[in-house]
Amino acid sequence: MGFCLIILAGGNSHRFRSNIGKPYQKIAGKSLIEISLIKALKFKQIKKIIVVFNRKDSKQIKSLKLKNIKLIPGGDSRQLSTYNALKYLKKQKGISRVLIHDAARPNFSIKLLSSIIKYMKNARAVVPKIKIQDAVKQIIDSSKDKYILGKKRDNLFLTQTPQAFKLKEIFELHKSNYLKYKDDDISLYTNLNNVKFIEGEKNNFKITDQSDLENLKNIYKSRINVGIGFDVHRLVPKRKLYLGGLKIKSKLGTLGHSDGDPVLHSITDAILGATKMGDIGQMFSDKSKRFKNIRSTVLLRRIIEQLKLKGYFINNIDINIITQTPKIKKYKNKMIDNVAKLCEIKKSQINIKGKTTEKLGVIGQENAIACEVITSVIKYD
């Protein structure tokens, strides 16, 4: 039962009132599109992902540099955008089910998506819904301010995405029944036999205006964790000096079991602290021959992979390199570039400062180099 996820990002975002469309608004360096992708990529059942975009956003969608994602231009409506994706998908092999999702609704949980996929084993379609809790009124004649008061809400509910369908059926409904399309894809079903409605999530709200985005940012702020990393190494002759993954020209290098890069060691420890995964000594023991002279870039990449598997992403990294020599200023930009690539974040999320000890102590006497790092991470689910 292979699934394709279709993410709809083809709207004009008129109500959002921003030069940057909703799908490309960012939280902790990740766009709303990417937040949904991060969650979807956890599921081996999802074999293919399509993002339907608005042609006017071509530069922005390309700037995301999405890998292994099919990009399809949208139509003049949500229905036409979905149909464009379904037409392409009908020609592909190995896909029998489709998940259709709004890019402006990134805060669904892994648990919700898992339930939708599970229930599709025995259903024609699966749709999350939530009850209406507010009082409901209906306008009879807006020119005369006439309303129906106290309208019953027992049989009313709101639908959310992702919604799951059998590919063949939803394609045929879009092709032949499109005039009945209202707001979302389940509206095409005149017969709801064997359509499974499951409990949705209040936090899976749609981003419509700026206040919705602020609400989402506040939710993610509550999921920020902070970690501290510190490392110090002796400086000795006949050893290489690595800082931030860069080889630095120096008569002295760091003494250590691995390559002795205090910057990457501190970043690694800070990430481990923020995600409560222990410390670098536990993960990569200096008693193990496997890690003898290993590059710290290799160790950090392993931690970044574990970070992503746990649903965390780096929000920012603040680095103090404490050394009398070498001077950090001329290496700073290259180090930021390197750390950004290793941690898969933007350069703007990294800050590096060079510090001295005013020639005091072992660092001041050029016998050691140290680094301290504070990093914050966000859990997207």
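Check the entry above for the structure.
To keep things clear, this report deals only with the structure shown in the data block. (Residues numbered from 1 in each chain as written. Predicted model: local features only at pLDDT ≥ 70, side-chain atom pairs only at ≥ 80, totals over all residues. Heavy atoms only, no water.)

Structural notes on helix 10 (residues 332-343)
Argument step 1. Along its 12 residues, helix 10 runs 16 Å from first to last C-alpha, staying within 8% of the 16 Å computed at 1.5 Å per residue.
Argument step 2. For helix 10, the complete set of buried residues consists of Met 335, Ile 336, Val 339, Ala 340, Leu 342 and Cys 343. Buried positions in helix 10, seen along its axis, are confined to an arc of 165° and lie on one side of it. Facing away from the buried side of helix 10, by more than 90 degrees, are the exposed residues Asn 333, Lys 334 and Lys 341.
Argument step 3. Looking at the buried residues of helix 10, the elements they touch are strand 14 (241-243), strand 15 (246-248), helix 7 (262-274), helix 9 (296-309), strand 17 (312-322) and strand 18 (350-355).
Argument step 4. Glu 344 occupies a position one or two residues after helix 10 and carries a positive phi of about 60°. (Helix = DSSP H or I, 4+ residues; strand = E, 2+ residues; numbered from the N terminus. Expected span 1.5 Å × (residues − 1). Buried < 20%, exposed > 50% of the residue type's maximum accessible area, 1.4 Å probe, protein only. Arc of directions from axis to C-beta. Contact = heavy atoms within 4.5 Å.)

What about the packing of aromatic side chains?
Argument step 1. Per the stated rule, a full pass over the model turns up four aromatic pairs.
Argument step 2. The interplanar angle of 65° and the centroid separation of 5.4 Å between the aromatic rings of Phe 157 and Phe 197 together place this pair among those described as edge-to-face. With a gap of 40 residues between them, Phe 157 in strand 10 (residues 157-159) and Phe 197 in strand 12 (residues 195-199) connect regions that are remote in the sequence.
Argument step 3. Positioned over the ring face of Phe 157 is Lys 129, at 5.5 Å from the centre of the ring.
Argument step 4. The ring of Tyr 242 has Arg 295 sitting right over it, with the charged end atom 4.0 Å from the ring centre. (Phe/Tyr/Trp six-rings, centres within 6.5 Å; stacked < 30°, edge-to-face > 60°. Lys NZ or Arg CZ within 6 Å of the ring centre and 35° of its normal.)

A short note on the side chain of Thr 323
Argument step 1. Here Thr 323 is to be found in the loop between strand 17 and helix 10.
Argument step 2. Of the polar contacts made by the side chain of Thr 323, one reaches the backbone oxygen of Thr 325; its length is 2.4 Å.
Argument step 3. Excluding its chain neighbours within four sequence positions, the residues that come into contact with Thr 323 are Ile 328, Lys 355, Thr 356, Ile 363 and Ile 369. (Polar contact = N/O pair within 3.5 Å; in protein donor to acceptor, adjacent residues only side chain to side chain.)

Comments concerning the side chain of Asp 259
Argument step 1. Its location among the elements puts Asp 259 in the loop between strand 16 (252-254) and helix 7.
Argument step 2. Within the structure, the side chain of Asp 259 is placed 3.2 Å from the backbone nitrogen of Asp 261, a separation counted as a polar contact.
Argument step 3. Sequence-distant contacts of Asp 259, defined by excluding residues within four places in its chain, comprise Arg 239, Lys 240, Tyr 242, Thr 254, His 265, Asn 293, Ile 294, Arg 295 and Ser 296.

Remarks on the nonpolar core
Argument step 1. The biggest cluster of nonpolar side chains holds 42 residues, and the ones touching the most others in it are Ile 267, Ile 314, Ile 317, Ile 319, Ile 321 and Cys 343.
Argument step 2. With residues up to four places along the chain from it excluded, the contact list for Ile 314 reads Ala 28, Ile 271, Ile 304, Leu 307, Cys 343, Ile 345, Gln 349, Thr 375, Ser 376 and Val 377.
Argument step 3. Counting residues in hydrophobic clusters, the runner-up holds 29 residues, among them Phe 3, Ile 7, Ile 46 and Ala 164. (Core = buried A, V, L, I, M, F, W, Y, C linked by side-chain atoms within 4.5 Å.)

A closer look at the sheet that holds strand 16
Argument step 1. As summarised here, the arrangement of the five strands in space is 16-13-19-17-18, forming an open sheet in which the pairing is mixed. Each having just a single partner strand, strand 16 and strand 18 make up the two edges of the open sheet. If you compare each strand with its neighbour and ignore which way they point, the axes differ by 25° on average.
Argument step 2. Inspection of the sheet shows strand 17 paired to strand 19 (residues 368-379) by 10 bridges, in the antiparallel sense. Considered in strand 19, the bridge of Ile 319 is made with Val 373.
Argument step 3. Taken strand by strand, helix 9 contacts strand 17 and strand 19, and its axis lies near 145° from that of strand 17. (Pairing = 2+ DSSP bridges. Axes fitted to C-alpha atoms, helices over the stretch in contact; angles between N-to-C directions.)

Some words on helix 3 (residues 78-90)
Argument step 1. Under the 1.5 Å per step criterion, the end-to-end length of helix 3 is 18 Å for 13 residues, consistent within 8% with the ideal 18 Å.
Argument step 2. Those residues of helix 3 not exposed but buried are Arg 78, Gln 79, Ser 81, Thr 82, Tyr 83, Ala 85, Leu 86 and Leu 89.

A short note on a nonpolar patch on the surface
Argument step 1. On the surface, a cluster of nonpolar side chains totalling about 360 Å² of accessible area is made up of Ile 224, Val 226, Ile 228 and Ile 374.
Argument step 2. Here Ile 228 shows up in strand 13 (residues 224-237).
Argument step 3. The exposure class assigned to Ile 228 is exposed, which follows from its relative accessible area of 64%. (Patch = residues over 30% accessible without salt bridge, like charges linked within 9 Å, V, L, I, M, F, W, Y side chains within 5 Å. Areas by Shrake-Rupley, 256 points an atom, 1.4 Å probe, with all protein chains shown as cover. Salt bridge = Lys/Arg side-chain N within 4 Å of Asp/Glu carboxyl O.)

What to know about the pattern of salt bridges
Argument step 1. By the definition in use, this model includes 11 salt bridges.
Argument step 2. For the salt bridge of Asp 259 with Arg 295, the shortest nitrogen-to-oxygen distance reads 3.0 Å. Here Asp 259, found in the loop between strand 16 and helix 7, pairs with Arg 295, found in the loop between helix 8 (280-283) and helix 9; they are 36 residues apart in sequence, far enough to count as distant.
Argument step 3. Residue classification places Asp 259 among the buried positions, given a relative accessible area of 6%.
Argument step 4. Owing to a relative accessible area of 28%, Arg 295 belongs among the partly exposed residues under this scheme.

Overview of the pairing of strand 5 (residues 70-73)
Argument step 1. In terms of strand pairing, strand 4 (residues 46-53) meets strand 5 through four bridges, oriented parallel. Across the sheet, the residue bridging to Ile 50 is Lys 70, located in strand 5.
Argument step 2. In this fold, strand 4 hands off to helix 2 (residues 58-63), which returns the chain to strand 5; that crossover is right-handed. (Right-handed = clockwise from strand over helix to strand, strands pointing away.)

A look at the packing of helix 7 against helix 9
Argument step 1. Here helix 7 crosses helix 9 at 20°, and the two axes come no closer than 9 Å. Looking at the two axes, helix 7 sits roughly parallel to helix 9. Crossing hand, helix 7 versus helix 9: left-handed. Listed contacts from helix 9 to Leu 264, His 265, Ile 267, Thr 268, Ile 271 and Leu 272 of helix 7 are Ser 296, Thr 297, Leu 300, Ile 303, Ile 304 and Leu 307.
Argument step 2. Of the residues assigned to the contact of helix 7 with helix 9, the class counts are eight nonpolar, four polar and no charged. (Parallel < 35°, antiparallel > 145°, perpendicular 65-115°, else oblique. Left-handed = near helix turned anticlockwise from the far one by under 90°. Nonpolar A, V, L, I, M, F, W, Y, C, P; charged D, E, K, R; others polar.)

With respect to the state of the cysteines
Argument step 1. Scanning the model with the defined rule gives zero disulfides in all.
Argument step 2. Not engaged in a disulfide, the cysteine Cys 371 finds its nearest cysteine sulfur in Cys 343; these two sulfurs lie 12 Å apart. (Disulfide = S-S within 2.5 Å.)

Just geometry here; none of it tells us what the structure is for.
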